[in-house]
Amino acid sequence: MKSQDPKTIFGRRLEQARRMRGLSLRALSEATGGKVSYNALHRYERGEMMPGDDVLIPLADALDRPLDFFFRPFSVKLKGVEFRKTTGLRIKAVASIQEQAADFFERYLEIEQVLGLPLEFHDPLGDFRLRGPEDAEEAARIVRSEWGLGADPLPNVVETLETNGIKVFEAEAPERLNGFSGWADGHPVVALAAWLNRDLPRKRFTALHEAAHLLIHTHTNLSGKELESCCHRFAGAMLIPRDAFERDWGGYRRRISLEELIGLKRRYGMSIGAMMHRALDLGLIDASAYKRFVIAYKSQRWHQKEPGEYTGVEVSRRFEQLVFRAVAEENISLSKGAALLNRPIEDLRPNLNGFS
């Protein structure tokens, strides 16, 4: 197949790595110290010729990619991946983030194929239909039930999604982007901005909001702001189910103290702002109380740094563990494992000391 021709593979990988770095062809030529000309790079990307070692090494260094990256066949079809539009980002930034995500999910699916351990996604909503925000509340209840989550706080949202077949990637992205969702070779995927690790409640909510798009997309005809509102409601209900929220909130309230909100934030890993909006959605405060809160929230600049800390873990190690397993069981070589993880071989050796 032409798509698997070495020159075509190299050209597409070169373009992918360049986009990941946000470089133009001329900028890449400069990054190699002029060792590779613009015209040569153009021909490489078009699949018209292959570079020699004297060119390949400077390219790999400039793009911060291992040599194996440029020759890895495209074993997974990624053209079907759909990412939601992100306003305020330049085209190069969007392309860089998408290429980062595409590269990661391809490596993830590849190691699953090597081990014969694909984590299948099963739609938990069955024939459920979502027509509005109240239905989003019910959708979250169904998902929690189908995934065996009960009504307790979620200790690790990212791991919960991965356990149930939704792969998650952290992308280096500007703060205008929280995350996006899509499909990679038929698998549901979520990408989260790495900067969210500085704000775990926001990361948790964003992960569930993006997961909502994947979970309800075939169960509703809503779009635009109505769909976004339902995804927000779903994320809130996944973090704090209605019954638990009403119990801990204490019924309808005219006022609530900051210390109470901080306590709930620490327990459920949900931001104070999101909790107040959830209280409004559930009729536990009225619009005037919520408006007073919003005014205080802005005046205190809590949108930049909320009071109260949530300490938790929001990461999944499944991909990394699969790669180490494949290396330990000699399904793949150490160098292949390093290439899949995008890490130097020296970083992997200390973690491969066996016990048998």
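Reading the values: rules and limits
Residues numbered from 1 in each chain as written. Predicted model: local features only at pLDDT ≥ 70, side-chain atom pairs only at ≥ 80, totals over all residues. Heavy atoms only, no water. Helix = DSSP H or I, 4+ residues; strand = E, 2+ residues; numbered from the N terminus. Buried < 20%, exposed > 50% of the residue type's maximum accessible area, 1.4 Å probe, protein only. Axes fitted to C-alpha atoms, helices over the stretch in contact; angles between N-to-C directions. Parallel < 35°, antiparallel > 145°, perpendicular 65-115°, else oblique. Left-handed = near helix turned anticlockwise from the far one by under 90°. Contact = heavy atoms within 4.5 Å. Salt bridge = Lys/Arg side-chain N within 4 Å of Asp/Glu carboxyl O. Phe/Tyr/Trp six-rings, centres within 6.5 Å; stacked < 30°, edge-to-face > 60°. Lys NZ or Arg CZ within 6 Å of the ring centre and 35° of its normal.

(A) Highlighting unusual backbone geometry. Of note in the backbone geometry, Asp64 takes a positive phi value of approximately 55° without being a glycine. Structurally, Asp64 is set in the loop between helix H4 (53-63) and helix H5 (91-115). With a relative accessible area of 54%, Asp64 lands in the exposed category. Even without being a glycine, Asn342 presents a positive backbone phi close to 55°. By the element assignment, Asn342 lies in the loop between helix H15 (334-341) and helix H16 (345-348).

(B) Structural context of the packing of helix H1 (residues 6-20) against H5. Closest axis-to-axis distance for the H1/H5 pair is 7 Å, and the angle between their directions is 125°. Between H1 and H5, the crossing angle belongs to the class labelled oblique. The crossing of H1 and H5 is left-handed. Along the contact surface, H1 presents Arg12, Arg13, Gln16, Arg19 and Met20, while H5 presents Ala95, Ser96, Glu99, Gln100, Ala102, Asp103 and Glu106.

(C) Up close: helix H12 (residues 272-281). Most of H12 sits inside the fold, with 7 of its 10 residues counted as buried. Restricting attention to buried positions, one finds in H12 the residues Ile272, Gly273, Ala274, Met275, Met276, Arg278 and Ala279. Considering only its buried residues, H12 is in contact with helix H6 (133-146), helix H8 (200-216), helix H9 (224-239), helix H10 (242-249), helix H11 (258-268) and helix H13 (287-299). Just beyond H12, the residue with positive phi is Gly283, at close to 70°.

(D) Inspection of the pattern of salt bridges at higher detail. Going through the model one piece at a time under the given rule, you end up with 27 salt bridges. Taking the shortest distance from any N to any O, the salt bridge between Asp248 and Arg267 comes out at 3.7 Å. Remark: Arg267 occurs in helix H11 and Asp248 occurs in helix H10; sequence separation between them is 19 residues. On the accessibility criterion, Asp248 (28% relative accessible area) is partly exposed. A residue is classified by how much of its surface remains accessible, and Arg267, at 45% relative accessible area, is partly exposed. Lys265 is paired through a salt bridge with Glu306; the nearest N and O atoms lie 2.9 Å apart. You can see Lys265 sitting in helix H11 and its partner Glu306 sitting in the loop between H13 and helix H14 (318-328), a full 41 residues away along the chain. Given a relative accessible area of 5%, Lys265 falls into the buried group. Via salt bridges that share partners, Glu134, Glu137, Arg233, Arg242, Glu246 and Arg278 belong to a single interconnected network.

(E) Structural context of the packing of aromatic side chains. Inspection of the entire model under this criterion finds 15 aromatic pairs. With centroids separated by 5.3 Å and ring planes inclined at 90°, the aromatic side chains of Phe69 and Phe70 adopt a geometry described as edge-to-face. Looking at Phe69, the relative accessible area reads 1%, which means it is buried. Seen in terms of ring centroids, Phe104 and Phe105 are 5.5 Å apart; in terms of plane orientation they differ by 70°. Their pairing is edge-to-face. A relative accessible area of 2% means that Phe105 is categorised as buried. Taken together through their ring pairs, the aromatic side chains of Phe10, Tyr44, Phe69, Phe70 and Phe71 make up a single cluster. Between Arg65 and the ring centre of Phe69, over which it is positioned, the NZ or CZ distance is 5.5 Å. The residue whose ring lies beneath Arg278 is Phe245, and the NZ or CZ to ring-centre distance is 5.8 Å.

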